[in-house]
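Structure at a glance
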Amino acid sequence: MEKIENWFYEDLEQTSSTNDAVLDFLAKIKAPCILSARTQTNGRGRLGRKWEGASGNLYVSFAYPIDISKIGHYVLLSGLAVLETLKVFLSKNLVQVKWPNDVFVEGKKISGILFEKGPQDYWVMGIGINISKVPTLLNPMYQITSLADFGVTTDRTKVLKILVKQFDFLKTQYEKYGYSYIKSLWLDNAYNRGKKVTIKQHDRKIEGVLFDLDANGGLILKTHDGEKHMIAGDLFIREKND
Ligand code: BT5
């Protein structure tokens, strides 16, 4: 069986969603594992949204056990693993994490991550990174970019190998030094830290200054009514910074 670092690994030509296919792989081998696919026919995002594909991009899911009390920390850690991976290819100050775990380059979305519960204490961490192409989207939530837009020529296997190394490194640092390590790295690389942002939750909008992270990986906004803790939502830049 193929391996990347200490992870069992399988690559498929095509699947509907790597987040589903990795569960079949996990059922077979019963150990932490990674599954990628060259194409995904029904990739998904949060809240039933779609993740659009183009060939050459990376679609990968990791299945591994997480203590439920730490899930918010792993959500941030996953975004940092993608951030550090992209910094290998791009100038470091261009890449930022957008809460909870999107990665943006020059204000455009290049990567999205979807966590889903698996069997027992396993979770699935599904990561999409635009490498060679920006898919065509009718009404994207944000502007979109890819590594190719910045003149980078690489392939999904090279990016995946670096991603696994970065993830393993950050997980080890987290286990050694705790959440404070993840929190400060995240804040140092946060999109729009100290600026006015809007968090959209279904039909609700909360506006405030992106200030800090709480103990569970939630976002702390400074609003007119004091500090507010966000555990879910989509972050947008305020159009007028008034
Ligand atoms: C996410 O959701 O950003 C999580 C996406 C996770 C995708 C990976 S691919 C491997 C694994 N298998 C899966 O089936 N999923 C995971 P969310 O925050 O809800 O953002 C979704 C929104 O991002 C969409 O509504 C679009 O506006 C936008 N979008 C869709 N495809 C995109 C792309 N390729 N690049 C940038 N933005 C995209």
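Residues numbered from 1 in each chain as written. Predicted model: local features only at pLDDT ≥ 70, side-chain atom pairs only at ≥ 80, totals over all residues. Heavy atoms only, no water.

**Some remarks on the pairing of strand β2 (residues 7-15)**
Rules: Note: two strands are recorded as paired if DSSP finds a minimum of 2 bridges between them. Per the convention used, a helix needs a DSSP run of H or I reaching at least four residues, while a strand needs a run of E reaching at least two, with both numbered from the N terminus. Every crossover in which the path from the first strand over the helix to the second runs clockwise, viewed with the strands pointing away from the viewer, is termed right-handed.
In the sheet, strand β1 (residues 3-4) pairs with β2 via two bridges, with the strands oriented antiparallel. Bridge assignment links Lys3 to a residue of β2, and that residue is Phe8. The hairpin turn running from β1 into β2, its antiparallel successor, is two residues long, and Glu5 in that turn takes a positive phi close to 50°. Pairing between β2 and strand β3 (residues 33-40): seven bridges, direction parallel. When the sheet's bridge partners are listed, Leu12 is paired in β3 with Ala37. Assessed by its sense of winding, the connection that carries the chain from β2 through helix α1 (residues 18-29) to β3 is right-handed.

**Overview of the sheet that holds strand β8 (residues 122-129)**
Sheet strands pair via backbone hydrogen bonds, and the direction of the pair is either parallel or antiparallel. Using the following cut-off: Throughout, a contact is declared for two residues whenever any of their heavy atoms are within 4.5 Å. With axes taken as lines fitted to C-alpha atoms, and helix axes fitted only over the stretch in contact, angles between N-to-C directions fall between 0 and 180 degrees.
Overall, mixed pairing links the eight strands, which are arranged β1-β2-β3-β4-β8-β7-β6-β5 in an open sheet. Lying at the two open borders of the sheet, with one neighbouring strand each, are β1 and β5 (95-98). The sheet contacts of helix α2 (residues 71-87) involve β4 (58-65), β5, β6 (102-105), β7 (108-117) and β8, and relative to β7 the element is tilted by about 145°.

**Notes on the site of the ligand**
Using the following cut-off: Residues are counted as near a molecule or strand when any one of their heavy atoms sits within 4 Å of it. Pairs of N or O atoms are called polar contacts if they sit within 3.5 Å, as long as, within protein, a hydrogen donor faces a hydrogen acceptor (for residues adjacent in sequence, only side-chain-to-side-chain pairs). Surface accessibility follows the Shrake-Rupley procedure with a 1.4 Å probe radius. Residue values consider only the protein chains on display as shielding.
Close to the ligand lie 28 residues, the nearest being Ser17, Gln40, Arg44, Arg49 and Lys109. Side-chain polar atom of Arg49 to an oxygen atom of the ligand: 2.7 Å apart, as the coordinates give it. A distance of 2.9 Å is found between a nitrogen atom of the ligand and a backbone nitrogen or oxygen belonging to Glu52. Surface burial for the ligand is 97%, taken as the share of its 790 Å² of free accessible area covered by protein chains. Breaking the shell around the ligand down by element, the ones donating at least two residues are α1, β4, β7 and β8.

**With respect to the packing of aromatic side chains**
Stated precisely, the cut-off is as follows: Only Phe, Tyr and Trp rings take part, Trp by its six-membered ring, and two of them pair if their centres are within 6.5 Å. Stacked means planes under 30 degrees apart, edge-to-face means over 60, and tilted covers everything else. Each residue is assigned to one of three classes by its accessible area relative to the maximum for its type, calculated with a 1.4 Å probe on protein chains only: buried under 20%, partly exposed between the two thresholds, exposed over 50%. Placement of a positive charge over a ring is assigned whenever Lys NZ or Arg CZ falls within 6 Å of the ring centre and within 35 degrees of the normal to the ring plane.
Overall, the coordinates contain eleven aromatic pairs when judged by the stated rule. Judged by centre distance (5.6 Å) and plane angle (55°), the rings of Phe62 and Phe167 are tilted. In this pair, Phe62 sits in strand β4 while Phe167 sits in helix α3 (residues 156-177), placing the two residues 105 residues apart along the sequence. We note that Phe62, like Phe167, is buried. In this structure, Lys3 is placed above the aromatic ring of Phe8, and the distance from its NZ or CZ to the ring centre is 4.7 Å. Here the guanidinium or amino end of Lys200 rests over the ring plane of Phe236, the centre of that ring lying 4.3 Å away.

**Some details on the domain arrangement of the protein**
Our working definition: Note that the domain bounds reflect an automated or database-derived domain assignment. Once two parts are brought into contact, the accessible area they lose, counted with a 1.4 Å probe and summed over both, makes up the buried area. A pairing counts as a salt bridge when a side-chain nitrogen of Lys or Arg comes within 4 Å of a carboxyl oxygen of Asp or Glu.
Here the protein is partitioned into domain 1 (2-188) and domain 2 (196-237). Centre-to-centre separation of domain 1 and domain 2, based on C-alpha positions: 23 Å. Domain 1 puts 15 residues into the contact, and the matching count from domain 2 is 17 residues. Across the domain 1/domain 2 interface, buried area totals approximately 1,300 Å², and carbon plus sulfur atoms make up 59% of it. There are three salt bridges connecting domain 1 and domain 2. Close ionic contact of Asp234 with Arg49 constitutes a salt bridge, the shortest N to O distance being 3.0 Å.

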